[in-house]
Amino acid sequence: MDITYLANVEHPVQLGYLIAIYFFYTGLSAGSFVLSTLGTVFGIQKYKPIAKAAVVMAIALLAVAPLHLIADLEQPGRFYTLFFRLNPTSAISYGTYLLTLYPLTCVFYLWFMMRKDLALGAQKLTGFRRSLCAFLTFGKRDLSEAVLVQDQKWIKRLGTLGVPLALMVHGYTGFILANVQARTLWHTGLMPLIFLMSAMVSGTGLLILVLLITQRFFSPEKAITPERRAIILDIARLMMWFIVVDGVLMLINFIVLYFGNASGYAAAEMLLHGSHKVSFLGLEIGIGLVLPFLITFWSKTRKSLTMVSLASLFTLIGVIAMRINFVIGGQQVPLSGNTFNPYYAEPKHLIFIGSFALLEVIILYLAFKFLPIYGIEESKKSSTLKMTTPTKAVSAP
Amino acid sequence: MTESTIRYGIVIDLRKCVGCNACTVSCKIEYNVPDGKYRTWVKEIEKGSYPEVIRHRLPRLCNHCDNAPCEKACPVQATYRGENGEILIDYNRCIGCKYCMAACPYDARFVNPVRKTAEKCTFCFHRTQAGLLPACVTTCVGGARVFGDLNDPNSLVSRLIANNPVQVLKPEMNTKPTVYYIGADQALMGADYTSLTKGGK
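Note that the structure is predicted; figures quoted are calculated from it, not measured.

**Observations regarding the overall build of chain A**
Consideration 1: Along chain A, the regular secondary structure elements total twelve helices and one strand.
Consideration 2: Helices and strands appear in chain A in the N-to-C order β-α-α-α-α-α-α-α-α-α-α-α-α.
Consideration 3: Here chain A has a C-alpha radius of gyration of 23 Å; the compact-globule value for 397 residues is 21 Å, and the two agree.
Consideration 4: With 397 residues in all, chain A has 55% of them scored as buried.
Consideration 5: For chain A, the proportion of contacts with a sequence separation of at least 24, taken over those separated by at least 6, is 78%.
Consideration 6: When the accessible surface of chain A is split by element, carbon and sulfur atoms take 71% of a total near 17,000 Å².
Consideration 7: In chain A, 32 positive and 18 negative side-chain charges are present, and the distance between their average locations comes to 11 Å.

Below, the structure is given as structure tokens:
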């Protein structure tokens with residue numbers, strides 16, 4: 001039957017790039033936090049050296065992430081009302097509390113991990129870094145064995161609290177989408193899991209890049225020592241498995257989407273053949289999952305830091321594309337019309353995204369530059385190794 | 001607030017709708033709705049090809065669902081249920097997060113670019129409070145729009161629903177709309193994906 005549309009009203013996409021990028025930031029934060037707890041909570045000793053850097057990253061990302069949400073509000077001045085006008089059925093409403101509790105837990109967790117270094121820094125460093133360290137110890141400079149053991153207990157407690165919070169902070173963003181029955185692409189029980197897994201992928205990706213850059217330029221050794229190299233390659237191995245799980249979840253989601261109702265089928269077709277084809281097949285799947293998987297899987301490339309950092313960069317691109325495909329693509333599938341809903345990106349929003357990204361880089365730079373994240377002095381073992389080890393050295397496992 | 005026994009609803013008898021858009025215009029005037037935005041509008045399609053051809057119309061507005069996804073989605077309780085069952089928005093509370101717009105299966109909401117909050121049909125709350133009918137109902141040329149109390153079995157809306165085969169939009173969403181249609185064609189009651197699933201635009 002021929003159907004010709006004579007009159008209908010256009011319903012443009014409402015939640016745009018700012019929301020997609022917000023999901024990207026929280027994902028990065030949750031991912032890097034979970035990696036930080038591998039050593040401190042789950043007791044895998046080899047990951048302990050990255051715990052501090054990972055949690056600094058988690059805090060820095062979560063400090064910037066909510067700015068995207070506030071910038072997206074039509075009434076940004078009213079954002080604080082979210083704290084006292086609770087609606088228990090709204091994912092955004094309880095997310096507000098998660099977004100507050102989680103970074104606070106992270107900050108305390110980091111403080112207990114850093115206290116020893118801060119106290120040492122207050123004694124041994126000079127200039128601004130010395131005053132900063134002295135201030136940040138808040139007078140707690142006792143380095144006796146008993147106090148350090150107590151610190152470790154607190155690290156474990158706060159980390160144990162932080163893991164479910166990190167998962168919930170990112171899980172809730174999945175619920176924001178999954179709870180909306182109207183949008184088929186969103187309305188799936190897999191959505192929180194897909195979001196969590198892509199968070200792990202991108203969190204690992206960015207952590208690798210941050211570790212490479214900061215260890216090279218801001219650590220006392222100013223080098224990627226063989227031990228650090230081994231850890232980075234190890235994390236890259238983890239990333240490969242996260243990619244596998246993420247890819248499998250995505251595949252399952254797609255298969256079920258294809259067997260779904262008319263709008264689910266339309267959403268699947270849109271991603272495979274339609275306007276999101278390049279962004280989905282090319283960026284999200286090709287660059288975001290397949291290429292990094294191959295790099296971290298193939299024995300010839302997975303040992304090279306250049307290739308691994310390239311893979312990490314690819315996962316970031318892929319996960320950004322994934323957030324955009326789901327957030328914007330999900331709303332483009334029409335609810336009452338016969339064409340895809342258009343999305344008009346506001347230039348103001350793009351400027352916000354750029355400024356927030358810049359702010360993020362500045363925060364990370366300042367944190368790694370001034371805080372004694374990698375200790376305050378060169379460890380003797382690594383400084384000797386640095387001189388003798390050629391850059392191509394292949395490390396153990 | 002005392003519990004009211006009134007539950008407002010609308011029956012739109014499409015056998016009487018001529019597609020004149022008087023409802024669209026009167027609503028725009030009543031609320032000074034900004035350009036390009038609509039609280040109510042009339043969707044119109046042509047089905048078939050000459051000489052076997054017919055036009056179908058579907059006046060659209062907020063369904064004031066009994067189980068409203070927008071009310072559940074609102075993080076600051078700006079969307080609330082009025083005493084007569086209508087879904088209303090507190091414009092002083094709305095933070096403009098637009099989550100309600102994503103949650104509404106009926107595209108009923110929009111951002112008012114002047115007031116910078118969510119906005120939609122209120123069943124003409126200020127008019128019903130004053131004992132008047134909604135603007136779109138008073139203006140309807142063919143008398144297609146009928147407004148009344150769904151809880152009163154003797155009201156015209158209740159009798160129309162009882163005596164006619166009626167439809168609501170997307171009943172599978174479990175939203176329980178209170179806007180009923182008589183004689184709605186299925187081709188325009190939801191989205192049409194035919195041109196989208198062949199690798200369309």
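Anyway, onward from the coordinates.
**Describing the overall build of chain B**
Consideration 1: Each helix and strand in chain B was counted, giving six helices and ten strands.
Consideration 2: C-alpha atoms of chain B, sized along the principal axes, occupy 55 × 45 × 35 Å.
Consideration 3: Taking all 201 residues of chain B together, 58% fall into the buried category.
Consideration 4: For chain B, contacts bridging at least 24 residues in sequence account for 57% of all contacts bridging at least 6.
Consideration 5: Approximately 8,700 Å² of chain B is accessible, and the part contributed by carbon and sulfur atoms is 52%.
Consideration 6: Between the mean site of the 26 positive side-chain charges and the mean site of the 19 negative ones, chain B shows a separation of 4 Å.

**A word on the sheet that holds strand 9 (residues 166-167) of chain B**
All names here are of chain B.
Consideration 1: Strand order in this open sheet of four strands is 8-1-10-9, and the pairing throughout is mixed. Two strands bound the open sheet, and with one partner strand each, they are strand 8 (145-149) and strand 9.
Consideration 2: In terms of strand pairing, strand 1 (residues 8-13) meets strand 8 through five bridges, oriented antiparallel. The residue bridging Val11 from the neighbouring strand is Val146, located in strand 8.
Consideration 3: The sheet strands contacting helix 6 (residues 156-163) are strand 1, strand 8, strand 9 and strand 10 (179-182), and the helix crosses strand 8 at an angle near 110°.

**Quick notes on the interface of chain B and chain A**
Consideration 1: On the chain A side, the residues contacting the 53 residues of chain B number 51 residues.
Consideration 2: Summing both sides of the interface, chain B and chain A together bury roughly 4,600 Å²; the carbon and sulfur share of this comes to 56%.
Consideration 3: Across the contact surface, chain B and chain A share two salt bridges.
Consideration 4: Between Asp72(A) and Lys98(B) there is a salt bridge, and its shortest N-O distance comes to 3.5 Å.
Consideration 5: Inspection of the chain B/chain A interface yields 34 residue pairs in polar contact (both at pLDDT 80 or more).
Consideration 6: Of all the secondary structure elements, the ones that give two or more residues to the side of chain B that touches chain A are strand 2 (41-49), strand 3 (52-60), helix 2 (69-73) and helix 3 (99-103) of chain B.
Consideration 7: By residue number, the principal contributor to the side of chain B that touches chain A is strand 2 of chain B, which donates nine residues.

**Side note on the pairing of strand 10 of chain B**
All names here are of chain B.
Consideration 1: Side chains Val179 and Tyr181 project from strand 10 onto one buried face, and the interleaved Tyr180 and Ile182 project onto a second face that is buried too.
Consideration 2: Bridge count between strand 1 and strand 10: four bridges; the pairing is parallel. Across the sheet, residue Ile12 finds its bridge partner in strand 10, namely Tyr181.
Consideration 3: Sheet topology places strand 9 next to strand 10; two bridges connect them, and they run antiparallel. Residue pairing across strands places Val166 opposite Ile182, the latter belonging to strand 10.

**Quick notes on a nonpolar patch on the surface**
Residues and elements named next belong to chain A.
Consideration 1: A surface patch of nonpolar side chains, amounting to about 570 Å² of accessible area, comprises Phe79, Tyr80, Phe83, Phe84, Leu86 and Tyr97.
Consideration 2: Residue placement: Tyr80 occurs in the loop between helix 2 (51-72) and helix 3 (91-124).
Consideration 3: When its relative accessible area of 45% is taken as the criterion, Tyr80 is described as partly exposed.

**Side note on the sheet that holds strand 3 of chain B**
Consideration 1: Spatially, the three strands line up as an open sheet ordered 1(A)-2(B)-3(B), and their pairing is antiparallel. The sheet terminates laterally at strand 1 (3-7) of chain A together with strand 3 of chain B, the two strands that pair on one side only. Taking each pair of neighbouring strands and ignoring which way they run, the sheet shows an average axis angle of 20°.
Consideration 2: Here strand 2 of chain B pairs with strand 3 of chain B via nine bridges, running antiparallel. Bridge pairing in strand 3 of chain B places Glu44(B) opposite Arg57(B).

**Considerations on the pattern of salt bridges**
Consideration 1: Taken as a whole and assessed by the stated rule, the structure comprises 17 salt bridges over all chains.
Consideration 2: Lys52(A) is the partner of Asp117(A) in a salt bridge, and the nearest nitrogen-oxygen pair spans 2.5 Å. With a gap of 65 residues between them, Asp117(A) in helix 3 and Lys52(A) in helix 2 connect regions that are remote in the sequence.
Consideration 3: Using a relative accessible area of 10% as the deciding quantity, one classes Asp117(A) as buried.
Consideration 4: The shortest N-O distance in the salt bridge between Lys348(A) and Glu346(A) comes to 3.8 Å.
Consideration 5: One continuous salt-bridge network, built from bridges that share partners, spans Glu44(B), Glu46(B), Arg55(B) and Arg57(B).

**Quick word on helix 8 (residues 262-272) of chain A**
An α-helical segment advances 3.6 residues per turn. Residues three or four places apart therefore align on the same side.
All names here are of chain A.
Consideration 1: Among the eleven residues in helix 8, eight count as buried, and that is most of the element.
Consideration 2: Looking at helix 8, one finds that the buried residues are Ser263, Gly264, Ala266, Ala267, Ala268, Glu269, Met270 and Leu271.
Consideration 3: For helix 8, the elements touching its buried residues are helix 7 (226-258), helix 9 (277-297) and helix 10 (305-332).

**Considering the packing of aromatic side chains**
Consideration 1: Tallied over the full model, the rule gives 21 aromatic pairs over all chains.
Consideration 2: Between Phe128(A) and Phe370(A), the ring centres sit 5.0 Å apart and the planes meet at 85°, which makes this aromatic pair edge-to-face. Residue Phe128(A) is found in helix 4 (residues 127-136), and its partner Phe370(A) is found in helix 11 (residues 347-370); the two are separated by 242 residues along the sequence.
Consideration 3: On the basis of relative accessible area, Phe128(A) is assigned to the exposed category, the value being 52%.
Consideration 4: According to the relative accessible area criterion, Phe370(A) is partly exposed, its value standing at 24%.
Consideration 5: Look at Phe254(A) and Phe280(A): their rings are 5.0 Å apart centre to centre, the planes differ by 25°, and that puts the pair in the stacked class. You can see Phe254(A) sitting in helix 7 and its partner Phe280(A) sitting in helix 9, a full 26 residues away along the chain.
Consideration 6: You can call Phe280(A) buried: its relative accessible area is 3%.
Consideration 7: Among the aromatic side chains, those forming a connected cluster through ring pairs are Tyr22(A), Phe23(A) and Phe195(A).
Consideration 8: For Arg39(B), the ring lying beneath its charged end belongs to Tyr31(B), and the centroid distance is 3.7 Å.

Reading the values: rules and limits
Residues numbered from 1 in each chain as written. Chains lettered and ligands numbered in written order. Predicted model: local features only at pLDDT ≥ 70, side-chain atom pairs only at ≥ 80, totals over all residues. Heavy atoms only, no water. Helix = DSSP H or I, 4+ residues; strand = E, 2+ residues; numbered from the N terminus. Rg over C-alpha atoms; globule rule 2.2 N^0.38 Å. Buried < 20%, exposed > 50% of the residue type's maximum accessible area, 1.4 Å probe, protein only. Contact = heavy atoms within 4.5 Å. Areas by Shrake-Rupley, 256 points an atom, 1.4 Å probe, with all protein chains shown as cover. Lys, Arg positive; Asp, Glu negative; His and termini not counted. Charge placed at Lys NZ, Arg CZ, Asp CG, Glu CD. Pairing = 2+ DSSP bridges. Axes fitted to C-alpha atoms, helices over the stretch in contact; angles between N-to-C directions. Buried area = accessible area lost by both parts, 1.4 Å probe. Salt bridge = Lys/Arg side-chain N within 4 Å of Asp/Glu carboxyl O. Polar contact = N/O pair within 3.5 Å; in protein donor to acceptor, adjacent residues only side chain to side chain. Patch = residues over 30% accessible without salt bridge, like charges linked within 9 Å, V, L, I, M, F, W, Y side chains within 5 Å. Phe/Tyr/Trp six-rings, centres within 6.5 Å; stacked < 30°, edge-to-face > 60°. Lys NZ or Arg CZ within 6 Å of the ring centre and 35° of its normal.

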